[in-house]
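As a plain string of letters, each chain reads:
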Amino acid sequence: MFATYLIGLREGLEATLVVSILVAFLVKSQRRDRLPQVWAGVGLAVALSVLFGWLIEYTSTSLLSRSEDRELFEAITSVAAVVFVTWMIFWMRRAARTIAGELRGKLTEALAVGSLAVAGMAFLAVIREGLETALIFYSAAQGAAGDSGPLLALIGGIVTAVVLGALLYASALRINLSKFFTWTGALLILVAAGILKYSVHDFQEAGVLPGLNDLAFDITSALDPSTWYAALLAGMFNVTPAPTVLETIAWVAYAVPVLLLFLRPARRKPAPTATTTTVTERGADTGAEAEAASTPQRA
C-alpha cells in the first residue's frame, strides 16, 4: 500500500502545485473572476481521470473473459505505466525550475482569449497527472483484487498532497521541493521496476514470453511470503522470493541504469566569457524582464 500512497502523494502534489500557481497568478493579477473557470477545468480533469481508471478496471474484469487476455492486457498497461513513470520523473527533474514561469505565460495568453481558454488550460494542466495516476495505480495495485487497501492508500496520498499544497500556498509550510521530488522519484523508479517485473510475469503467463518455470533463485526459506516484511517488499517494489530469470533481468536492467541517470548531478551550463557575444545576455535579460512583468509585485 505504500507504493500506491507514494503514487497519490507524488502525482497529487504535482497537480496541486500546478493549480496553486494558476490560482496565485489570477489572485495577484486581480482576475478572481476567472477562478471559477480554473476550478471547472480542474473538476472536469478529475472526473475524466476517475472515469479512465474505472474503464481500465472494467475492461480487465468484465470485457476480457479469457485469463490469457486479461494477463496480456495487464502486461501491456503495466509497460505503459512504466513508460509514464519514467517520463514523468525525468520531466519534473528538468522542468521544475521553469514550470511556474511557463504556466504564468500560458495563462496570460488564455486570459486574452477568454473563459473557455482558461478552463481548457487548467484542464490540460491537471488531466495529464490524473491519467498517469489512474494508469500507474492500476498497474501497481494488480494482484490486490477485492482489497480496498491500495485505493484507500492512493486517496490518502492525494489528500496529503492537497493539504501540503494548501499549506504551501498559504506560506504556512516550507518544503525543499527539489529534495522531495528527488527522493520520491528514486522510490518511484523502484516501484516502476517492480511494475515492469510484474508485466514480464504477465507476459509469461499469457504465453507471449517463455520461462515461466525458470526461476532465477528461490529464497523462500529466508524471505517467507507470509511475513510482514516480505509482504511490504512485494507490495512496494514487487520483490518476491522466487522470481523467474526474465523477471529478474527486467528488474535489474531497468532499475540500475534509470536510477544512475536520475541521481546523476545535473550539468550546469558554463558562464559566458567576456568575449562571448551579448545577444545571449540580452535575450536572458529580456526573458527575466518578461517574467518580472508577468508577476505582479506584492504590496
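Here, every reference points to the structure presented above.
For the packing of helix H1 (residues 2-28) against helix H2 (residues 35-63), give the residues involved together with the corresponding values.
How two helices pack is summed up by the angle between their axes together with the distance between the axes. Interaxial distance between H1 and H2 falls to 10 Å at its minimum, and their mutual angle equals 170°. When the interaxial angle is binned, H1 and H2 end up roughly antiparallel. Across the interface between the two elements, Val19, Val23, Leu26 and Val27 of H1 pack against Leu35, Val38, Trp39 and Val42 of H2. Looking at the contact of H1 with H2, its residues break down into eight nonpolar, no polar and no charged.

Residues and numbers for a nonpolar patch on the surface, please.
Residues Leu44, Leu48, Leu51, Trp54, Leu55, Tyr58 and Leu63 make up a contiguous nonpolar surface patch of roughly 680 Å² in combined accessible area. Given the relative accessible area of 33%, Tyr58 is considered partly exposed.

Pulling in residues and values, what's your account of helix H6 (residues 149-169)?
Residues separated by three or four positions in an α-helix point in the same direction, a consequence of the helix having 3.6 residues per turn. Across its 21 residues, H6 extends 30 Å between first and last C-alpha, which sits within 8% of the 30 Å expected from 1.5 Å per residue. Turning to H6, its buried residues are Gly149, Pro150, Ala153, Leu154, Gly157, Ala161, Leu164 and Gly165. All buried residues of H6 fall inside an arc of 150° around its axis, so they share one side. Close packing links the buried residues of H6 with H1 and helix H5 (115-140). Immediately downstream of H6, the backbone of Ser171 shows phi near 60°, a positive value.

Could you give an account of the side chain of Thr59, with specific residues and numbers?
Tracing the sequence through the fold places Thr59 in helix H2. Residue Thr59 is classed as buried on the basis of its relative accessible area, which comes to 16%. A distance of 2.7 Å separates a polar side-chain atom of Thr59 from the backbone oxygen of Leu55. Sequence-distant contacts of Thr59, defined by excluding residues within four places in its chain, comprise Leu64 and Phe73.

The rules behind these values
- Residues numbered from 1 in each chain as written.
- Predicted model: local features only at pLDDT ≥ 70, side-chain atom pairs only at ≥ 80, totals over all residues.
- Heavy atoms only, no water.
- Axes fitted to C-alpha atoms, helices over the stretch in contact; angles between N-to-C directions.
- Helix = DSSP H or I, 4+ residues; strand = E, 2+ residues; numbered from the N terminus.
- Parallel < 35°, antiparallel > 145°, perpendicular 65-115°, else oblique.
- Contact = heavy atoms within 4.5 Å.
- Nonpolar A, V, L, I, M, F, W, Y, C, P; charged D, E, K, R; others polar.
- Patch = residues over 30% accessible without salt bridge, like charges linked within 9 Å, V, L, I, M, F, W, Y side chains within 5 Å.
- Areas by Shrake-Rupley, 256 points an atom, 1.4 Å probe, with all protein chains shown as cover.
- Salt bridge = Lys/Arg side-chain N within 4 Å of Asp/Glu carboxyl O.
- Buried < 20%, exposed > 50% of the residue type's maximum accessible area, 1.4 Å probe, protein only.
- Expected span 1.5 Å × (residues − 1).
- Arc of directions from axis to C-beta.
- Polar contact = N/O pair within 3.5 Å; in protein donor to acceptor, adjacent residues only side chain to side chain.

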